[in-house]
Amino acid sequence: MKKLAHLFLGLAVIWIVSGCATTQGTSPQEKRQAALNMRTQVLADLYKLHPDARAQVAASPGYAVFSNANVNLLFASVGGGYGVAENKRLKKTVYMKMGEAGLGLGLGVKDFRAVFIFKTQESLDAFIDNGWEFGGHVDAAAKAGDKGAAVGGEALLNGVTIYQITESGLALQATLKGTKYWKDADLN
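Computed from a predicted structure; not experimentally measured.

Cut-offs and rules
Residues numbered from 1 in each chain as written. Predicted model: local features only at pLDDT ≥ 70, side-chain atom pairs only at ≥ 80, totals over all residues. Heavy atoms only, no water. Helix = DSSP H or I, 4+ residues; strand = E, 2+ residues; numbered from the N terminus. Buried < 20%, exposed > 50% of the residue type's maximum accessible area, 1.4 Å probe, protein only. Contact = heavy atoms within 4.5 Å. Polar contact = N/O pair within 3.5 Å; in protein donor to acceptor, adjacent residues only side chain to side chain. Phe/Tyr/Trp six-rings, centres within 6.5 Å; stacked < 30°, edge-to-face > 60°. Arc of directions from axis to C-beta. Salt bridge = Lys/Arg side-chain N within 4 Å of Asp/Glu carboxyl O.

> Help me understand the overall build of the chain in this model?
The helix and strand tally for the chain stands at four helices and six strands. Each helix (α) and strand (β) of the chain, taken in turn from the N terminus, gives the series α-α-α-β-β-α-β-β-β-β. Counting the 188 residues in the chain, one finds 44% classified as buried. Residue pairs in contact within the chain that sit at least 24 positions apart in sequence constitute 77% of those at least 6 positions apart.

Next up, the structure:
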């Protein structure tokens, strides 16, 4: 009975968090605008934290910005979110979704933003068309609004610079996880 209660609690937390990571709005146009507003705000936050990122974005063939929510309950980690990828060469915005699952030790819930800056057109195209990421992840966060702190930052992986900005959450986790990014069929 206790295991069943923990399962229902875990599913409830996942359901609540997944609601936080969905595009706001009811119509496709409202959802597109919400994603664009999120992108604008996240880039402004990134430029305050890492002023050199502005030049990286300007020099890149494209970038992607995502809003994510993640839940880690003991040995499993799940998350989801939405975002946009900007192909500057084609002057095209691609609306996307993301989902992740992983295994490892941890406990917590975290709401964070991710910015991917692509160094080559090939890496941007591969991300938009295939969108997989797989790797290890270690982080600690205890943040609500402007209070608290989070360890995250910048990583360079296969010609892509990735920044993570924690919005809020309480998490301590070390996981091996896979993340899938894909085009949002309803918004493109």
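> Honestly, the side chain of Arg113 in this entry has me stumped. Any pointers?
By the element assignment, Arg113 lies in strand 2 (residues 92-118). Here the side chain of Arg113 touches Ser67 through a polar contact of 3.2 Å, side chain to side chain.

> Any chance you could explain the packing of aromatic side chains here in plain terms?
Centre distance and the angle of the planes are the two values used to describe a pair of aromatic rings. Scanning the model with the defined rule gives eight aromatic pairs in all. Ring geometry for Phe116 versus Tyr181: centroids 5.4 Å apart, planes at 80 degrees, classification edge-to-face. In this pair, Phe116 sits in strand 2 while Tyr181 sits in strand 6 (residues 160-183), placing the two residues 65 residues apart along the sequence. Exposure remark for Phe116: the relative accessible area of 4% places this residue in the buried category. Here Tyr181 falls in the buried class, since its relative accessible area comes to 5%. When the centroid spacing of 5.2 Å and the interplanar angle of 45 degrees are considered together, the rings of Phe118 and Phe127 count as tilted. In this pair, the class of Phe118 matches that of Phe127, namely buried.

> Would you mind going over helix 4 (residues 121-129) with me for this structure?
Residue pairs spaced three or four apart in an α-helix point in one direction, given the helix's 3.6 residues per turn. Inspection of helix 4 places Gln121, Ser123, Leu124, Phe127 and Ile128 among the buried residues, and these make up the whole buried set. When helix 4 is viewed along its axis, its buried side chains cluster within an angular range of 165 degrees and face the same direction. Opposite the packed face of helix 4, turned more than 90 degrees from it, sit the exposed residues Glu122 and Asp129. Positive phi appears at Gly131, one or two residues downstream of helix 4, with a value of about 65 degrees.

> Just to check I follow, could you spell out the pattern of salt bridges for this structure?
This model, assessed by the stated rule, comprises two salt bridges. For Asp129, the salt bridge is made with Lys183, and the minimal N-O distance between the two is 3.7 Å. Taken together, the residues Asp129 in helix 4 and Lys183 in strand 6 connect sequence positions 54 residues apart. We classify Lys183 as partly exposed; its relative accessible area is 43%.

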